[in-house]
Amino acid sequence: MDILADILQNSKLDPQAIERERDVILREQEEVDKQLEEVVFDHLHATAFQGQPLGRTILGPTENIRSINRDDLVKYIETNYTADRMVLVGAGGVPHQQLVELAEKYFAKVPSSSTTSIKQKEKPDFIGSEVRMRDDTIPTANIAIAVQGVSWKDPDYFTALVTQAIVGNWDRAMGNSPYLGSKLSTFVHQNELANSFMSFSTSYSDTG
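Residues numbered from 1 in each chain as written. Predicted model: local features only at pLDDT ≥ 70, side-chain atom pairs only at ≥ 80, totals over all residues. Heavy atoms only, no water.

Asker: Teacher, can you tell me more about the environment of Gly60 here?
Answerer: Looking at the secondary structure, you find Gly60 in the loop between α3 (36–48) and α4 (62–67). If sequence neighbours within four positions are ignored, Gly60 has contacts with Gln29 and Ile65. (Helix = DSSP H or I, 4+ residues; strand = E, 2+ residues; numbered from the N terminus. Contact = heavy atoms within 4.5 Å.)

Asker: Just checking my understanding: could you explain unusual backbone geometry for this structure?
Answerer: Across residues other than glycine, the phi torsion is negative in most instances, and most of the peptide bonds are trans. A positive phi angle is found at Leu13, which is not glycine, with a value near 50 degrees. Tracing the backbone shows Leu13 in the loop between α1 (2–10) and α2 (15–34). According to the relative accessible area criterion, Leu13 is partly exposed, its value standing at 22%. (Buried < 20%, exposed > 50% of the residue type's maximum accessible area, 1.4 Å probe, protein only.)

Asker: How do you make sense of α3 when you look at a structure like this?
Answerer: Each full turn of the α-helix corresponds to 3.6 residues, which orients residues three or four apart in the same direction. The terminal C-alpha atoms of α3 lie 18 Å apart, and with 13 residues this matches the ideal 18 Å at 1.5 Å per residue to within 8%. Residues of α3 that are buried make contact with α2. (Expected span 1.5 Å × (residues − 1).)

Asker: Teacher, can you tell me more about the layout of surface pockets here?
Answerer: One way to see where empty space is left: roll a probe the size of a water molecule over the atoms. Estimates place the volume of the largest pocket at around 1,300 Å³. Lining of the largest pocket is provided by 39 residues; of these, Ile143, Ala144, Ile145, Met198 and Phe200 occupy positions nearest its centre. Contributing elements (two or more residues each) for the lining of the largest pocket: α3, α7 (157–167), β1 (170–171) and β2 (196–197). Ranked by residue count, the leading element in the lining of the largest pocket is α3, at six residues. Taken together, the residues of the lining of the largest pocket break down into 23 nonpolar, 14 polar and two charged. Of the pockets and cavities examined, the second largest pocket occupies roughly 860 Å³. Considering the residues around the second largest pocket, the lining is formed by 26 residues, among which Val40, Val131, Arg132, Met133 and Asn142 are closest to the centre. Partitioning the lining of the second largest pocket into residue classes produces 15 nonpolar, six polar and five charged. (1 Å grid on protein atoms, 1.4 Å probe; cavity = no way out; pocket = protein on both sides within 12 Å on 5 of 7 lines; lining within 4 Å. Points joined across faces, edges and corners; volume = space filled by probe spheres on them. Nonpolar A, V, L, I, M, F, W, Y, C, P; charged D, E, K, R; others polar.)

Asker: Where do I start with the side chain of Gln29 in this structure?
Answerer: With respect to the element layout, Gln29 can be found in helix α2. Owing to a relative accessible area of 11%, Gln29 belongs among the buried residues under this scheme. Among the polar contacts made by the side chain of Gln29, one reaches the main-chain carbonyl oxygen of Gly60 at a distance of 3.0 Å. Among all residues touching Gln29, those that are not within four sequence positions of it are Leu59, Gly60, Pro61, Thr62 and Ile65. (Polar contact = N/O pair within 3.5 Å; in protein donor to acceptor, adjacent residues only side chain to side chain.)

Spatial relationships are all this shows, so hold off on functional conclusions.
Okay, here's the thing in structure tokens:
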């Protein structure tokens, strides 16, 4: 608790450390950009949830990574790292009263938010659309197709997971690949329609 409180409330945000981390994030982004399966899902979210938080990538645009500075981080911490936006959780053999006492000792000075939280839309808009990114240096096409799914609170959440399992996954490089998975895998293999495919059911708090 002492260490957590110190990190939360007394981070120095040294400019040199920020620059080192900036380089780490940019290198990580370069590695992610090489993973075409990840990139195609970024584009899928960007077009399905245009102009909405779900349409943004985790790392964000390169220009933001290059331009963010210490003042931006300080402002973000002051705005979001407030008592009314935090939860302290203990797991295992942690007596509740002891956790409360430690919280009072180490986190009593954490301020509450001075602004009213912005009310989010009840549900993101799923926008039927298409985007194509052409690169003739890549020998294969990486395609993702999606329909609007359900949230993890929806009664059909497990139905979606069962549907995903029925469609299955398949890869030509697998041993005995024509006989693994669903009928779809046999059909794709026999007709040489693809090198691989995978099904997915991705659920969020209010959509999927």
